Amino acid sequence: MTAYEILVAIRDFLWGPVMLILLVGTGVFLTFRLKFLPWRNLPHALKSVFGKSDPETKKTGDGDITPFQSLMTALAATIGTGNIVGVATALVSGGPGALFWMWISALFGLSTKYAESVLAVKYREKNAAGEYAGGPMYAMKNGFRAKRLGRFLGFCFALFTVLASFGIGNLTQANSIAGAVSGTFSVPAWVTGIVLIGLTLVVLLGGIKSIGRVCEKLVPTMAVLYVGFALIVIIGNFSNVPSGVAQIFSMAFSVRSVGGGIAGTVIMQAMRWGVARGVFSNEAGLGSAPIAAAAARTDHPSRQGYINMTGTFFDTLIVCTITGLVIASSGMLGTVDAAGNPVTGVALTISAFSTVLGSLGGFVVTIGIALFAFSTILGWEYYGEKALEYLVKSPVVCRCYRLIFCLISYVGATTALQVVWDFSDVVNGLMAIPNLICLLVLSREVAGECFDYQKKYLKKKRG
């Protein structure tokens, strides 16, 4: 086997049935361990995001950025090309039923994202600059009783996060931006690369506070615009919506379908692609988003846990669902191009939008990809920098990382390498392994914080 074939084999194993079962299974376990409180308190979590900040948090909370900025930074890294391209790929590969399994993975992912964020705040530390640093690596180092195991797993997670920040967090995103802008507006890739370097450098020079300020404006704006145009398309194709929704449920699971061998295979494909793309999109279980949660100003780990878990709700249950309904109601799913190949990925999403918006559909999807992918670059730079800080403890090295990270976006924009995508999948999978171990080992601590918050704040408030 060649080196590339080995890489592909590792990727297929990491994102095969075992990993998907572990990811969803951990979410199921935590949901029951926490007595379904992440589900039951979802209205409280959403109110915490959109309502006025609690005065108590301002008085007693510690952190570098506001809870909302922390959530937007996490969403910046989460809402990306997966919400546009990934959903289309899942629907082509797994059928409309894949969207149902996206929902299932997201529901249990709420508990996973909540637990990750609680541990990130509980075990965070202050660095030499007085800024908070946290995430799964700190939870493993400070929370595990077996200190050697905790330090080893923390080192592995941090290393994989740094590598992932260059791959899925930069090269692949820059390539998606350049490809979309070139295809729609005929802008040369090298021009896009230079613009990306400039924009990224301007934002990153200010550190997490600058990233937080940009993300709290950029993320809501881009999400509202994309969802708004998507709703116009859904309304324009509203007569097809009932049949599209019926297909989603009928192809996801039905007693009649299970009876036939071919239908059973369809169901397994829907489950596999739905769960895989759902996890890729909302990142629940990968351990990346808690790094942003650790910087939030909060008085209780559980408070930020609830706020950050809404990222999974917004990413998958809102944005991915909207994209899925646009495609399912457009009648474009299952069509082929001039060469006879199935239309998939960004081409399928553009075709679906164009059924109502015409040529404007291509502009909407292209701008959506550009903004989503750029925000992902910003969020993942912060993840990578904090992981590198954990490994080397050198401010100079971290500042050099920022510059190198910006320059690499040019490479991503001007070079399309499939090996980069496959490598990104591998390191993302490797990130998840120590993180899932951490969640299971420290589930008792998560439950303790969850029940403590419920008793001290929510019951007292309702009482």
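Residues numbered from 1 in each chain as written. Predicted model: local features only at pLDDT ≥ 70, side-chain atom pairs only at ≥ 80, totals over all residues. Heavy atoms only, no water.

Colleague: An account of the pattern of salt bridges is requested, with residue identities and associated values reported.
Modeller: Under the counting rule described, the total for this entry stands at ten salt bridges. Ionic pairing is found between glutamate 216 and lysine 217, a salt bridge with its closest N-O pair at 3.5 Å. Its relative accessible area of 55% is what places lysine 217 among the exposed residues. For aspartate 452, the salt bridge goes to lysine 456, with nearest N and O atoms at 3.6 Å. Remark: lysine 456 and aspartate 452 occur in helix α22 (residues 443-462); sequence separation between them is four residues, near one turn of the helix. In the salt-bridge network here, residues are joined through shared partners; they are Arg11, Asp12 and Asp422. (Salt bridge = Lys/Arg side-chain N within 4 Å of Asp/Glu carboxyl O. Buried < 20%, exposed > 50% of the residue type's maximum accessible area, 1.4 Å probe, protein only. Helix = DSSP H or I, 4+ residues; strand = E, 2+ residues; numbered from the N terminus.)

Colleague: Hey, could you go over a positive patch on the surface for me, with residue numbers and the actual values?
Modeller: Residues Lys35, Arg40, Lys455 and Lys459 make up a contiguous surface patch of positive charge. Take lysine 35: it is sitting in the loop between α2 (17-33) and α3 (37-40). For lysine 35, a relative accessible area of 53% gives the class exposed. (Patch = residues over 30% accessible without salt bridge, like charges linked within 9 Å, V, L, I, M, F, W, Y side chains within 5 Å. Areas by Shrake-Rupley, 256 points an atom, 1.4 Å probe, with all protein chains shown as cover. Lys, Arg positive; Asp, Glu negative; His and termini not counted. Charge placed at Lys NZ, Arg CZ, Asp CG, Glu CD.)

Colleague: An account of unusual backbone geometry is needed here, citing residue identities and associated values.
Modeller: Peptide bonds are trans in most cases, and residues, glycine excluded, mostly fall at negative phi. One non-glycine residue with positive phi stands out, namely serine 186, at about 55 degrees. Mapped onto the fold, serine 186 is located in the loop between α10 (147-185) and α11 (189-204).

Colleague: Just give me the short version of the packing of aromatic side chains, but keep the residues and values in it.
Modeller: Evaluated as defined, the whole model comprises 19 aromatic pairs. Look at phenylalanine 50 and phenylalanine 314: their rings are 5.8 Å apart centre to centre, the planes differ by 80 degrees, and that puts the pair in the edge-to-face class. Taken as a pair, phenylalanine 50 in helix α4 (residues 42-50) and phenylalanine 314 in helix α17 (residues 301-330) lie far apart in primary sequence, 264 residues in all. Summarising the aromatic geometry, the rings of phenylalanine 166 and tyrosine 401 are spaced 5.4 Å apart at their centres and angled 65 degrees between planes, so their arrangement reads as edge-to-face. Linking phenylalanine 166 in helix α10 with tyrosine 401 in helix α20 (residues 395-414), this pair joins segments that are 235 residues apart in sequence. Accessibility assignment for this pair places phenylalanine 166 and tyrosine 401 in one class, buried. Among the aromatic residues, ring-to-ring pairing joins Phe32, Phe36, Trp39 and Phe108 into one connected group. Directly above the aromatic system of tyrosine 132 lies the positively charged group of arginine 124, at a separation of 4.0 Å from the ring centroid. The ring of tyrosine 390 has lysine 393 sitting right over it, with the charged end atom 5.0 Å from the ring centre. (Phe/Tyr/Trp six-rings, centres within 6.5 Å; stacked < 30°, edge-to-face > 60°. Lys NZ or Arg CZ within 6 Å of the ring centre and 35° of its normal.)

Colleague: Any details on empty space enclosed by the protein? Residues and values, ideally.
Modeller: Evaluation of the coordinates by the stated rule reveals three cavities of 30 Å³ or more. Each pocket or cavity is described by its volume, and for the largest cavity that value is around 70 Å³. Lining the largest cavity are Leu23, Val24, Ser105, Phe108, Gly109, Thr112, Val279, Asn282 and Ala284. Sorting the residues of the lining of the largest cavity by element identifies α2, α8 (97-122) and α15 (261-282) as the ones contributing at least two each. Top contributing element to the lining of the largest cavity by residue count: α8, with four residues. Of the residues contributing to the lining of the largest cavity, the split by class is five nonpolar, four polar and no charged. (1 Å grid on protein atoms, 1.4 Å probe; cavity = no way out; pocket = protein on both sides within 12 Å on 5 of 7 lines; lining within 4 Å. Points joined across faces, edges and corners; volume = space filled by probe spheres on them. Nonpolar A, V, L, I, M, F, W, Y, C, P; charged D, E, K, R; others polar.)

Colleague: Tell me about a nonpolar patch on the surface, and name the residues and values.
Modeller: A contiguous nonpolar patch, built from Phe155, Leu159, Leu163 and Phe423 and spanning about 320 Å² of accessible area, is present on the exposed surface. No other element matches α10, which puts three residues into the nonpolar patch. Mapped onto the elements, phenylalanine 155 comes out in helix α10.

Colleague: Break down the layout of surface pockets for me, citing the residues and quoting the values.
Modeller: Its boundaries defined by the atoms lining it, the largest pocket holds a volume of some 870 Å³. Considering the residues around the largest pocket, the lining is formed by 38 residues, among which Ile168, Arg277, Phe280, Trp421 and Asp425 are closest to the centre. When residues in the lining of the largest pocket are grouped by element, the largest group, seven residues, is from α10. A breakdown of the residues in the lining of the largest pocket according to their chemical character gives 14 nonpolar, 17 polar and seven charged.

Colleague: Could you give an account of the state of the cysteines, with specific residues and numbers?
Modeller: One pass over the full model with this rule turns up zero disulfides. Cysteine 406 supplies the cysteine sulfur nearest to cysteine 215, a cysteine that is in no disulfide, at a spacing of 14 Å. With relative accessibility at 0%, the residue cysteine 215 sits in the buried group. Here cysteine 320 stays unpaired: no disulfide links it, and the sulfur of cysteine 215, its closest cysteine neighbor, is 18 Å away. (Disulfide = S-S within 2.5 Å.)

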